[in-house]
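Here's the letter readout for the chains.
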Amino acid sequence: MSEKLAKPVLLVTGLSGAGKSTALKTLEDIGWETIDNFPFRLIERLLDTPPSMSRGDSDPPLALGFDSRTRGFEPAKLIKRVKRLQKKQDYLISTLFLDCSGGELERRYSETRRRHPLALDRPAKQGIALERTLLDPFRRWADHVIDTTDLTANDLQRQIRQQFTLDKDAVTTVTITSFGFSRGIPNNIDLLFDVRFLANPFWEPKLKLMTGLDAPVAEYIGQDPAYAETIEKILDMLKFLLPRYQDAGKAYVNIGIGCTGGRHRSVHVAERLSKDLRASGFSPNVQHRNLASRPMESLESMQKLNGDKGI
């Protein structure tokens, strides 16, 4: 029988305005169950509660956000309660403290025109100083401290992902979709490439009823003088961008390849790019939205009049 692993529980706290909401949202994006401003006196009851049935058999790690606004906030009692919980082998409890300089916090409150929760009727500077004193025991005791003074929201998100991602081997899901502009652009595309300038097999009688999956169509498109350079440049761009999307924690990247009807050029180019990306270590999914659509000369003719390359 395998030994049960301790469930990670991360307590997220820090100065108001230092980025707690951003940290919790990022943790949720990477698979943690997050709860903000949960009454800490109920933590034992929460930990004993099974996960929601909507998660199936999944029991994700838990991140609890709290600060000076949380009901029942008493630092000494909270630390004592956490120390007691840490003795239980069922949970692996750690603390993340988000710090920030007073001057930067004042600037943030001034820009957002929000009032500091501990300075509703006085200068924000006083509320920040009071909260820093209240939270100092947690800062000294925290397992992880992130100073967000010089960090943008994206910088903080990146640090949270680097430190707390559950599956270090998780990769961005890449999907390449071929489609026809005449039938509308998919609404979830992140990167869109228009290949209507390439030679159009539709106007060759022997190729019209074939698709971009057929060798004669691929050969015809490949004879276009712009084809090789087009593939090279798109591939170089994707190989440059995809690792950066990965580093930024983007879960899905949808690439659209469009031609007129979505049956010839876009299909072939999507297949070619997916093959080259796999050879470069990526694992793209490929889908052809309009591959089964009926060839329509009226659509191709209209596109030709608007500048689509017909030969």
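About the criteria used
Residues numbered from 1 in each chain as written. Predicted model: local features only at pLDDT ≥ 70, side-chain atom pairs only at ≥ 80, totals over all residues. Heavy atoms only, no water. Buried < 20%, exposed > 50% of the residue type's maximum accessible area, 1.4 Å probe, protein only. Helix = DSSP H or I, 4+ residues; strand = E, 2+ residues; numbered from the N terminus. Arc of directions from axis to C-beta. Contact = heavy atoms within 4.5 Å. pLDDT = per-residue confidence, 0-100. Core = buried A, V, L, I, M, F, W, Y, C linked by side-chain atoms within 4.5 Å. Phe/Tyr/Trp six-rings, centres within 6.5 Å; stacked < 30°, edge-to-face > 60°. Lys NZ or Arg CZ within 6 Å of the ring centre and 35° of its normal. Pairing = 2+ DSSP bridges. Axes fitted to C-alpha atoms, helices over the stretch in contact; angles between N-to-C directions.

Draft legend 1. Just helix H4 (residues 102-112), in detail. All buried positions along H4 are accounted for by Glu104, Leu105, Arg108 and Tyr109. Down the axis of H4, the buried side of the element spans an arc of 135 degrees, and every buried residue falls inside it. Exposed and facing more than 90 degrees away from the buried side of H4 are Ser110 and Glu111. Those residues of H4 that are buried lie in contact with helix H5 (124-141). Just downstream of H4 lies Arg113, where phi reads positive at about 60 degrees.

Draft legend 2. Molecular detail of the confidence of the model for the protein chain. In the predicted model, the protein chain carries a mean pLDDT of 85, and 89% of its residues have values of at least 70. The element-level mean pLDDT for the protein chain is lowest in helix H10 (residues 297-305), coming to 53, with strand S7 (residues 191-194) highest at 97.

Draft legend 3. Region of the structure containing the nonpolar core. Ranked by internal contacts, the top residues of the largest apolar core, which has 40 residues, are Val12 and Leu27. Going through the elements one at a time, strand S1 (7-14), helix H1 (20-29), helix H2 (43-48), strand S3 (62-65), helix H3 (75-86), strand S4 (91-99), H5 and helix H6 (153-164) are the ones with two or more residues in this core. In terms of residue count, the dominant contributor to this core is S4 (five residues). Listed in part, the 25 residues of the second largest apolar core include Val195, Ala199, Tyr227 and Val253.

Draft legend 4. Highlighting the packing of aromatic side chains. Counted under the stated rule, the structure contains five aromatic pairs. Ring geometry for Phe66 versus Phe138: centroids 5.2 Å apart, planes at 70 degrees, classification edge-to-face. Of the two residues, Phe66 is situated in the loop between S3 and H3 and Phe138 in helix H5; the sequence distance between them amounts to 72 residues. Assigned by exposure class, Phe66 and Phe138 land together as buried. One aromatic cluster is present, built from ring pairs that chain together Phe66, Phe138 and Trp141. Directly above the aromatic system of Phe202 lies the positively charged group of Lys208, at a separation of 4.9 Å from the ring centroid.

Draft legend 5. Region of interest: the sheet that holds S7. Spatially, the four strands line up as an open sheet ordered S7-S8-S6-S9, and their pairing is parallel. Edge strands, defined here as strands with exactly one partner in the open sheet, are S7 and strand S9 (285-288). Averaged over all pairs of adjacent strands, the angle between strand axes in this sheet comes to 20 degrees, irrespective of strand direction. Sheet topology note: the strand S6 (residues 173-180)/S9 ladder contains four bridges and is parallel. Paired with Thr177 across the two strands is Gln287, which belongs to S9. Running at roughly 175 degrees to S7, helix H8 (residues 227-247) makes contact with S6, S7 and strand S8 (252-259) of the sheet. Packed on one face of the sheet, helix H9 (residues 265-279) meets S6, S8 and S9 and runs near 165 degrees to S6.

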